[in-house]
There are 2 protein chains.
Amino acid sequence: MDVIPYLAAVSALAGLALAFFYYKAVEKESPGNERMVFLMEEIQKGAKAFLKKEYQWVSVFAVVMAILLAVVIAPLAALTYLLGAILSSVAGYAGMTVATMANARTTEAAKDGPGKALPVAFRGGAVMGFSVAGLALGGLMVTYILFVTILEVDDAFEVVTAYGLGASTIALFSRVGGGIYTKAADVGADLVGKVEAGIPEDDPRNPATIADNVGDNVGDVAGMGADLFESYAGSIIAPISLIAFASALTADQAGDVGFISLLMFPIFVAFIGMIASIIGSFLVKGGESTDSKALSKALHLGTNSAMGITVVGVVAGAYWIFGDTDVFAAGKAWGLAVSVIGGLIVGWALGKTAEYYTSDHYQPVKNIGKQTETGPATTVLKGISIGMQSVAASVALIIIGVGIAYWGGLQALPDLANEAGTIEIGGLYGIAVAAIGMLATTGVVVSVDAYGPIADNAGGIAEMAELDPSVREVTDALDSLGNTTAAVAKGFAVGSAALTALALFKSFEFAITTASGGDKVLDLDIGNVDVFIGLFIGAALPFLFAALTIDAVGRAAAEMIEEVRRQFREIPGLREGKPGVIPDSARCVAISTEASLKEMIIPGALAVVVPLVVGFIDVDSLGGLLAGSLVTGFALAIFMANAGGAWDNAKKYIEAGAHGGKGSDSHKAAVVGDTVGDPFKDTSGPAMNILLKVMTIVSLVFASAFV
Amino acid sequence: MDVIPYLAAVSALAGLALAFFYYKAVEKESPGNERMVFLMEEIQKGAKAFLKKEYQWVSVFAVVMAILLAVVIAPLAALTYLLGAILSSVAGYAGMTVATMANARTTEAAKDGPGKALPVAFRGGAVMGFSVAGLALGGLMVTYILFVTILEVDDAFEVVTAYGLGASTIALFSRVGGGIYTKAADVGADLVGKVEAGIPEDDPRNPATIADNVGDNVGDVAGMGADLFESYAGSIIAPISLIAFASALTADQAGDVGFISLLMFPIFVAFIGMIASIIGSFLVKGGESTDSKALSKALHLGTNSAMGITVVGVVAGAYWIFGDTDVFAAGKAWGLAVSVIGGLIVGWALGKTAEYYTSDHYQPVKNIGKQTETGPATTVLKGISIGMQSVAASVALIIIGVGIAYWGGLQALPDLANEAGTIEIGGLYGIAVAAIGMLATTGVVVSVDAYGPIADNAGGIAEMAELDPSVREVTDALDSLGNTTAAVAKGFAVGSAALTALALFKSFEFAITTASGGDKVLDLDIGNVDVFIGLFIGAALPFLFAALTIDAVGRAAAEMIEEVRRQFREIPGLREGKPGVIPDSARCVAISTEASLKEMIIPGALAVVVPLVVGFIDVDSLGGLLAGSLVTGFALAIFMANAGGAWDNAKKYIEAGAHGGKGSDSHKAAVVGDTVGDPFKDTSGPAMNILLKVMTIVSLVFASAFV
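Residues numbered from 1 in each chain as written. Chains lettered and ligands numbered in written order. Predicted model: local features only at pLDDT ≥ 70, side-chain atom pairs only at ≥ 80, totals over all residues.

Novice: Sorry, what's going on with the overall build of chain A here?
Specialist: Counting secondary structure elements, chain A contains 18 helices and zero strands. Whereas a compact globule of 707 residues would reach a radius of gyration of roughly 27 Å, chain A reaches 24 Å, a difference of no more than 12%. Each principal axis of the C-alpha distribution contributes one length, and for chain A these read about 80 × 55 × 45 Å. A buried classification covers 69% of the 707 residues belonging to chain A. (Helix = DSSP H or I, 4+ residues; strand = E, 2+ residues; numbered from the N terminus. Rg over C-alpha atoms; globule rule 2.2 N^0.38 Å. Buried ≥ 20, exposed ≤ 12 C-beta atoms within 10 Å, placed from the backbone.)

Novice: Can you walk me through the interface of chain A and chain B in this structure?
Specialist: When the parts come together, some accessible area is lost, and that loss is often what is quoted as the size of the interface. Counting from both sides, the interface comprises 54 residues of chain A and, opposite them, 54 residues of chain B. Sorting elements by how many residues they give to the side of chain A that touches chain B places helix α10 (residues 376-412) of chain A first, with 17 residues. Classifying every residue of the side of chain A that touches chain B by side-chain character gives 37 nonpolar, twelve polar and five charged. (Contact = placed C-beta atoms within 7 Å. Nonpolar A, V, L, I, M, F, W, Y, C, P; charged D, E, K, R; others polar.)

Novice: Sorry, what's going on with the relation of the copies chain A and chain B here?
Specialist: Between the two copies of this chain, the relationship is a rotation about some axis together with a displacement along it. When chain A is fitted to chain B, the best match, at an RMSD of 0.1 Å, comes from turning it 180 degrees and sliding it 0.0 Å along the axis. Interpreted geometrically, this transformation is the action of a two-fold axis. In terms of C-alpha distance to the rotation axis, chain A has aspartate 525 of chain A as its closest residue, with the C-alpha 2.1 Å off the axis. Of all interface residues in chain A, 100% are interface residues in chain B too; the two copies therefore contact each other through one and the same surface. (Least-squares fit on C-alpha atoms with pLDDT ≥ 70 in both.)

Novice: Would you mind going over the confidence of the model for chain A with me for this structure?
Specialist: All names here are of chain A. This prediction gives chain A a mean pLDDT of 88; 94% of its residues lie at or above 70. By mean pLDDT, helix α13 (residues 469-515) is the weakest element of chain A at 83, and helix α1 (residues 4-27) is the strongest at 96. In the predicted assembly, ipTM is 0.92 and pTM is 0.93. (pLDDT = per-residue confidence, 0-100.)

Novice: I keep staring at the packing of helix α2 (residues 34-72) of chain A against helix α15 (residues 585-617) of chain A and nothing clicks. Help me out?
Specialist: All names here are of chain A. Between α2 and α15, the shortest axis-to-axis distance is 10 Å and the interhelical angle comes to 25 degrees. As judged from the angle between their axes, α2 and α15 are roughly parallel. Here α2 and α15 pass one another in a crossing that is right-handed. Contacts between α2 and α15 involve Glu42, Gly46, Ala49, Phe50, Lys53, Glu54 and Trp57 from the former and Ser585, Val589, Thr593 and Leu597 from the latter. (Axes fitted to C-alpha atoms, helices over the stretch in contact; angles between N-to-C directions. Parallel < 35°, antiparallel > 145°, perpendicular 65-115°, else oblique. Left-handed = near helix turned anticlockwise from the far one by under 90°.)

Novice: Please clarify how the packing of helix α9 (residues 363-371) of chain B against helix α16 (residues 619-655) of chain B should be interpreted in this entry.
Specialist: In a packed pair of helices, the relevant descriptors are the angle between the two axes and the axis-to-axis distance. Residue and element names in this part refer to chain B. The interhelical angle for the contact between α9 and α16, taken along N-to-C directions, is 65 degrees, at an axis separation of 9 Å. By the criterion of interaxial angle, the relationship of α9 to α16 is roughly perpendicular. The element α9 and its partner α16 pack so that their crossing is right-handed. Every residue of α16 that contacts α9 at Pro364, Val365, Ile368 and Gly369 is listed here: Ala646, Trp647, Asn649, Ala650, Tyr653 and Ile654. When grouped by side-chain class, the residues that make up the contact of α9 with α16 number eight nonpolar, two polar and no charged.

Novice: I would appreciate a short explanation of unusual backbone geometry in the present structure.
Specialist: Where the residue is not glycine, phi is negative for most of them; where a peptide bond is considered, it is trans in most cases. Residues and elements named next belong to chain A. Of note in the backbone geometry, aspartate 155 takes a positive phi value of approximately 55 degrees without being a glycine. Inspection of the secondary structure puts aspartate 155 in the loop between α4 (114-150) and α5 (156-197). In the Ramachandran plot, glutamate 466 falls in the positive-phi region, its phi being about 55 degrees despite a non-glycine side chain. For glutamate 466, the location among the structural elements is in the loop between α12 (442-464) and α13.

Novice: Honestly, the environment of alanine 637 of chain B in this entry has me stumped. Any pointers?
Specialist: Along the polypeptide, alanine 637 of chain B turns up in helix α16. Beyond its immediate chain neighbours, meaning those up to four positions away, alanine 637 of chain B contacts Gly685, Met688 and Asn689 of chain B.

Novice: I tried to follow the environment of alanine 503 of chain B on my own but got confused; where do I start?
Specialist: Residues and elements named next belong to chain B. Position of alanine 503 relative to the elements: it lies in helix α13 (residues 469-515). Measuring from C-alpha to C-alpha, the distance between alanine 503 and serine 235 comes to 8.9 Å, with 268 residues separating the pair along the chain. Alanine 503 has contacts with Ala238, Pro239, Leu242, Leu428, Ile431, Ala432 and Ala435, leaving out every residue within four places of it along the chain.

Novice: It is not clear to me how α4 of chain A should be interpreted in this structure. Could you clarify?
Specialist: Residues spaced three or four apart along an α-helix face the same direction, because each turn holds 3.6 residues. Residue and element names in this part refer to chain A. In a regular helix each residue adds 1.5 Å, so 37 residues correspond to 54 Å; α4 covers 50 Å between its end C-alpha atoms and thus fits that length. Considering bend angle alone, the principal kink of α4 is centred on tyrosine 144 and spans about 25 degrees. With 29 of 37 residues buried, α4 lies mostly within the body of the structure. Positioned one or two residues after α4, glutamate 152 has a phi angle of 45 degrees, which is positive. (Expected span 1.5 Å × (residues − 1). Bend = angle between axes of the 7 residues up to and from the residue.)

Novice: Looking at this structure, I do not really get the environment of asparagine 304 of chain B. What am I missing?
Specialist: Its place among the elements puts asparagine 304 of chain B in helix α7 (residues 292-323). Sequence separation between asparagine 304 of chain B and serine 664 of chain B is 360 residues; the distance between their C-alpha atoms is 41 Å.

Spelled out as structure tokens, the structure:
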């Protein structure tokens, strides 16, 4: 069984090799004519410049954190913290570089139809997918093998957890910074371009068009990649730290064999998932058909096969790892498979719920469409109420997921409990492995997710290079395909975030007890005033975080608007489209970069500073804070993501001809809804899930310092 | 000391006598010319018709609840439940009847300037204020004296608490139903009138104008009155039930004398507050000056004096009641005065915070004004982020308030704890009495609060009766005065809601232990999965509730819009203002009434059914649910109230001439913000606080049935 981490490390290497293979495959495609190459390089330059600057800023923060960790926790924790941060940065940088190579190549391939273009876009995304999965798993396994298996250092599990904290730091800043960038550029480009100057989207005359396309990459590709790196690493770390920090409590029942089994199972799930992802990615083939159903099938085949293989592997692994140990009374190993599969189903259902509330095939978005007829106010109100309704549905699913996963864990490990028998660790373990089940196929899931913005960019390039409209039609088809496949991935990300945070929260509780040698047991009774105060603070934090990020987008967009207006005013012939007159796109890119990085600091620091301050004052309050922000932040994140998605698709629904179509008053109202939703769905909402996990994981890593 | 409830009952009677006196004073004023009398009577007829229908619908619900209480808890609890419900209804009906008499009389008095009109409007409001305070306190004291002091019945404190539940039921439905009514009429009148037909607000040609004015009364007067009736009764019941249900735990330390002292102190605070309110109300005098500062002083003098007297009385009372008992080790009676005064200061600061975020004298609203220049989307986003920021500030204040009140209680009653010594009941008691401190002067506070809509209505009548514009100017001055004085009252209502709910939550915990004879101690450790599931449900419920109420307003407004359009279409000469052609206002009133009552059912029932269902399944989950909904609902309520208020005043700020003034594009954007904010601030937001308390008090009353 000790071989499992080595297997996982090898599978991670295989994933990285695949990423390299896809990179080469993308590279050898033609990027098209001179104009297209120019545009591609502009976008790439802008995106790289942003990431480099972002990493510079974040590295200051990371070094401060590393010093703090070295002094307060352990020097090795500082090391793994930096490793996690660096690997996440490398994955983001590599993935985005290839994504910005793949866009023009997808456009070029689209000239031959979607069957040719789809594989190019998918492979471009797959570099991100397998860089993220390979580096995240590889780095974690190196950390584990070195410090836990071989060196057996003190605080080995704090050191492993610090790896996750490093990944979380990058994810938080990437999501916040990238989210601000992409929406500032988007809003800035739209407001001046479409509304004031009356020129279409992605028009080459608009100085902010390049920045807008850069934004898609830094937000939807790099930000999403860092997010999934963090989620994936976090979901593997959660069950490990749960068991590790509870070991003082469980050693009696589990014994050494049992303890190792419990640590190995999540790593095994990750290993199987990686293998399955690699197989799945090979099943994505373009074929000859240009039919959208066939294309959709091609993409789905990859993810669905990967999940099918994972499920089979998990059942087999559960029996292999737990079947022959006699340390657990019941030994119903299938229980853990139930947890994992339950998690998968709930994650799938969460994705479908999001789709129901945000796709124009269903009633909610159609209702927003209807409300556009009475103007922007009713449009906004309807979107808000739909987003809020979706919270209730999503929370119901999360509760079902938690219930199933807990029950499954309890079946498999009924005797795994603390000494007093009051905490059923088996059930908690079930929750933790359910989260990793959802994310085990991160490699292929992120590939499909990153595919979307590549197709989107390809369309932008087609427009800016003034290619034949038929090319744009093909890229649009690929783009809309991306939106539906991404829904399930989002459901997994959201669902696993809640389960992982819950498991990490329990680890934090155990870590406090362990670190204090049993002197301090967290007293998290809600009835205690300090816990309740913590709950109050925790509920308020996500609101503050949302306010800060919404305002940040507003300020950054305002700077962008000023610049675009200035260029239209000062560059003669630009607005009229005089041949040879080109806008100063680089300046817009620079403004977006500066503004978004400046705005990233405060909300990002909040997530780290607040739990540390509260933790050093009163650790019971910190427990309340984490719980309060978990439940409120989860609700707020769902609300914002789905309200934003619903408005976006309501606008598209009207643009497709409903309620008067483009240019009608309904359309104007729908555009207002869409603009309100932009920072909701692409900045505040996605960053919220990371906020929750960063706060929990900071608390967990620093637990020993609090007591 | 046993005389205190009798004193309180007598003071309540005095309050009722004062209400009658003010009613007579209002009645003898002239209601103006024929047209004004007609309008007044139409509004009154509409408002009364609404309340009657509402009470009919609610009585069905109340009877079902009463039967449930009689069967599951105790027949006497059903009786006091109905008493609380009936008295709240009577107070609402009486107060609103006089408010709808005072409007035209204020208009008429306004012809002689604000110095004449202010007392009329204030007295009209004071009938509501002292009806609410007098009936709430009187009914509660009768209940207490009869069942606790004289008959000493079994379950005496469940019976007392059921009185609060009756009041809560009426408050919830009044706030929800009234809130839907007022906004449906307002939005309906505005959208068709101002936007489509291009006629000004309160124009007599608009068929929905009367309904709009009725809405001000049923929402802002009757709804607010029922809300404060509930809050006031609840805040007195909270410390009593805390001590009563903890008595099994505290009997050892407190003994009989101490037990009675603890029960008497909150009643004493209510008694002093009533006397202080009566004195304060006499200090509100119009004077001869028409200067707005002088007017503002006149109103403030009443409330400030009442609070000053209460503070002095509380200090004296604390020493009187606790000074000579030797059952508490420290006997630092001043500690409880600290709790009460701390509560008052925090309540005041909460009001000021709300004012800061919603008044156009400060930066936030000015910033919204600036954002109107880039259109409705940025206007909406800015309002949302301001509302969310205000959550952080308000929660910080609540935490300070909880901290001070807890500390004060602990100083006074350091040895009051459960047997294990783990629960410091003295601190919790401090929290509970801080809430009653904020609401002790309900009589005069509600008077000032109800004054606002009367002044608002007076302006509407001036407009509809086509009086000289100078009259409207006077009523506008009175109206804007009402807005600032109401801010402090709102702070008290919000702050006390949080503290009361917290105290009731603790009572619920004790009630479970007591009811089970100590067998079942709630295990509310957040780390337990069932508690965490409860937290999740609790966090989702306020979002669902907000969604339902926002949608309800939307649907009701849509029906209204249809009707107004129909009348403009089918009644010849109406739009053009042909003399003698009048709209069918009664039909609009009927539509608003039907629609809002229909829409009230589901959100209202949710608040009662969900805790009952969860409680019978798993009472620990119910604990989590109550805590989760308390913190999330509090945050959401603050967000919605302040965002809505900020948009409202941003619109007024622009109408006063900023950013292009009325008719500009900025103004259009501001109107969108205001319309989005309407259901936020007048429907969902205000109802949220009651939702939280209803759920807690339902759980408390049914605690013995859950175990």
